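Notes for the structure review
Chain residues, written in single-letter form:
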Amino acid sequence: MRHLLDVCDLSVKELDELIALAEDIAANKQKYAHIMDGKKLAALFFEPSTRTRLSFEAAMLELGGQTLGFSEASSSSAAKGECVRDTIRVVGGYADIIAMRHPLEGAALSAAMKSYVPIINAGDGGHCHPTQTLADLLTIHREEGRLDHLKIGLCGDLLYGRTVHSLINAMIRYEGVSFVLISPRELELPPYALDVLKRAGVNYVVTRSLEEFMSELDVLYMTRVQRERFSSIEEYEKVKDCYILTPEKLLSAKPTMRILHPLPRVNEISQLVDDDKRAAYFRQTVNGKLMRMALLVYLLRDDVRSQPARLASGKSYDGKCQNPKCITNNERELPVLVNEQGRCIYCEHELKM
Ligand code: NCD
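Just so you know, these numbers come straight off a predicted model, no measurement behind them. (Residues numbered from 1 in each chain as written. Predicted model: local features only at pLDDT ≥ 70, side-chain atom pairs only at ≥ 80, totals over all residues. Heavy atoms only, no water.)

**Observations regarding the overall build of the protein**
In terms of helices and strands, the protein carries ten helices and eleven strands. Here the C-alpha radius of gyration of the protein, 20 Å, is about what a compact globule of 353 residues would show, namely 20 Å. The principal-axis extent of the C-alpha atoms belonging to the protein is close to 55 × 55 × 35 Å. A burial count over the protein gives 56% of its 353 residues as buried. (Helix = DSSP H or I, 4+ residues; strand = E, 2+ residues; numbered from the N terminus. Rg over C-alpha atoms; globule rule 2.2 N^0.38 Å. Buried < 20%, exposed > 50% of the residue type's maximum accessible area, 1.4 Å probe, protein only.)

Written out as structure tokens, the structure is:
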């Protein structure tokens, strides 16, 4: 069966198919109202969520299916010390597909290795968030009419912002896309995400200024500083208000530019921006549900369900991953594996050879 652990698990053709399917679902709700009759989605959220969990649940319900799950680790057997892989094997006996969010990086990959049913990564620590990217792609496609030849500003917490990492992995595959990376030095992209840009030969510039390239952008993707990922509150306090988008800062922006944000927002976008037609972030949440509907239909389609899993693999590594938030440092008997780029296959941090 196929899983969705990062957006690279889907080809560009499949991304385009999912967008077309989401549009068809939006236009023909009745046609899809019973397509998941008798099917169950387990939403396993070991970390807080509003949009992602509820939109997955709404997606399954609107397709005629049912949902089960938990919304915090403390109400699951994780609180008793159960490892993710055991939880997943058990839940695979109760549900046809699992969407899971976990604070540790690589948790979804470790789960998929032992799962009997398709796993959808609904966010693994600061690493990836592919279904948010599906929402972002549909939003950009609907608002800009294309996914190629776009200049995209990524602003805020590029280090821990998992939605940014997955969005980069998707957008580098479309022709003529370039990036403006806007962050304080402390929150620059992690090396593995920067490598993705370099290896793809994509144009990008790094700036500390939100205004510098504003007039050139087609998409401005704002992000929240991810407080929960900092090692100390002092470190967070130093950067928490690094960028605040206001109507004044938008004066030089194109009328066709679109502002995206995965939400929740803290104060990085003033509420005064919300009524600007360029603000697409609430429309983006609706698109998230549509794309999750399309994804559930797709992954449970017989021909897709019968394809072999495409899991990252690597050689065994004699040592620990140096990323304390890597799943391998927290799950028992999960060996570290190294990929061809010398990175941990779970969290993509470089492994010292
Ligand atoms: C994002 C996430 O959880 O990574 N939210 C979401 O899924 N819509 C972004 C965030 O929490 O800042």
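**Some details on the nonpolar core**
Counting residues in hydrophobic clusters, the biggest one holds 61 residues, and the most contacted among them are L154, M171 and F179. For this core, the element with the highest residue contribution is helix α9 (residues 281-299), accounting for nine residues. For this core, the two domains that each supply at least three residues are domain 1 (7-128 + 287-305) and domain 2 (130-284). Listed in part, the 32 residues of the second largest apolar core include L109, C321, V336 and V338. (Core = buried A, V, L, I, M, F, W, Y, C linked by side-chain atoms within 4.5 Å. Domains from an automatic or database assignment.)

**Quick look at the site of the ligand**
Around the ligand, the neighbouring residues are R51, T52, R101, H129, Q132, R162, T163, R224, Q226, P262, L263 and P264. R101 has a polar side-chain atom sitting 3.0 Å from an oxygen atom of the ligand. Contact distances for the ligand include 2.7 Å between an oxygen atom and a side-chain N or O atom of R224. Relative to its free-state accessible area of 320 Å², the ligand is covered by the protein chains to the extent of 94%. Going through the elements one at a time, α2 (51-62) and α6 (162-171) are the ones with two or more residues in the shell around the ligand. Looking at the shell around the ligand, its residues break down into three nonpolar, five polar and four charged. When we break the shell around the ligand down by domain, the ones giving at least three residues each are domain 1 (7-128 + 287-305) and domain 2 (130-284). (Near = heavy atom within 4 Å. Polar contact = N/O pair within 3.5 Å; in protein donor to acceptor, adjacent residues only side chain to side chain. Areas by Shrake-Rupley, 256 points an atom, 1.4 Å probe, with all protein chains shown as cover. Nonpolar A, V, L, I, M, F, W, Y, C, P; charged D, E, K, R; others polar.)

**As for the pattern of salt bridges**
Tallied over the entire structure, the rule returns 21 salt bridges. The salt bridge partner of K31 is D24, with a shortest N-O separation of 2.6 Å. Among the residues examined, K31 registers a relative accessible area of 53% and is labelled exposed. Note that K289 is salt-bridged to E62, the shortest N-O span being 2.8 Å. Residue K289 is found in helix α9, and its partner E62 is found in helix α2; the two are separated by 227 residues along the sequence. With a relative accessible area of 30%, E62 lands in the partly exposed category. What emerges from the salt-bridge pattern is a single network uniting E47, R162 and R229. (Salt bridge = Lys/Arg side-chain N within 4 Å of Asp/Glu carboxyl O.)

**Some thoughts on the sheet that holds strand β3 (residues 97-102)**
In space, the four strands of this open sheet follow the order β2-β1-β3-β4, with parallel pairing throughout. Taken across any chain shown, the strands that pair with only one partner, and hence form the sheet edges, are β2 (66-70) and β4 (119-124). Each neighbouring strand pair of the sheet contributes to a mean axis angle of 15°, computed without reference to strand direction. Strand direction decides the pairing type here: strand β1 (residues 40-45) and β2, joined by five bridges, are parallel. Bridged to K40 within β2 is Q66. Together, β1, β2, β3 and β4 form the strand contacts of α2, whose direction differs from that of β1 by roughly 175°. (Pairing = 2+ DSSP bridges. Axes fitted to C-alpha atoms, helices over the stretch in contact; angles between N-to-C directions. Contact = heavy atoms within 4.5 Å.)

**Quick notes on α9**
For α9, built from 19 residues, the straight-helix expectation of 27 Å at 1.5 Å per residue is met to within 8% by its first-to-last C-alpha distance of 26 Å. Counting buried positions along α9 yields 15 of 19 residues, so the element is predominantly enclosed. (Expected span 1.5 Å × (residues − 1).)

**With respect to the pairing of strand β6 (residues 178-182)**
Of all five residues in β6, five are buried, a share of seventy percent or more. Both faces of β6 are covered, namely the face carrying S178, V180 and I182 and the face carrying F179 and L181. Pairing of strand β5 (residues 151-155) with β6, which is carried by five bridges, proceeds in the parallel orientation. Note that in β6 the partner of C155 across the bridge is I182. Once the chain exits β5 it traverses α6 before rejoining the sheet at β6, and the crossover so formed is right-handed. As defined by bridge partners, β6 adjoins strand β7 (residues 204-207) across four bridges and the pair is classed as parallel. (Right-handed = clockwise from strand over helix to strand, strands pointing away.)

**Quick notes on the domain arrangement of the protein**
Under the domain assignment, the protein is made up of domain 1 (7-128 + 287-305), domain 2 (130-284) and domain 3 (314-353). For domain 1 versus domain 3, the separation of C-alpha centres amounts to 25 Å. Each partner contributes residues to the interface: domain 1 has twelve residues there, and domain 3 has 14 residues. On the domain 1 side of the contact with domain 3, R85, L104 and E105 bury the most area, a combined 47% of that side's loss. (Buried area = accessible area lost by both parts, 1.4 Å probe.)

**Some thoughts on the packing of helix α3 (residues 84-91) against helix α4 (residues 107-114)**
Look at α3 against α4: their axes get within 8 Å of each other, and the N-to-C directions meet at 50°. The angle between α3 and α4 places the two elements in the oblique class. Crossing of α3 against α4: the hand is right-handed. Packed against α3, whose contacting residues are V84, R85, I88 and R89, the element α4 presents A107, S110, A111 and K114 at the interface. When grouped by side-chain class, the residues that make up the contact of α3 with α4 number four nonpolar, one polar and three charged. (Parallel < 35°, antiparallel > 145°, perpendicular 65-115°, else oblique. Left-handed = near helix turned anticlockwise from the far one by under 90°.)

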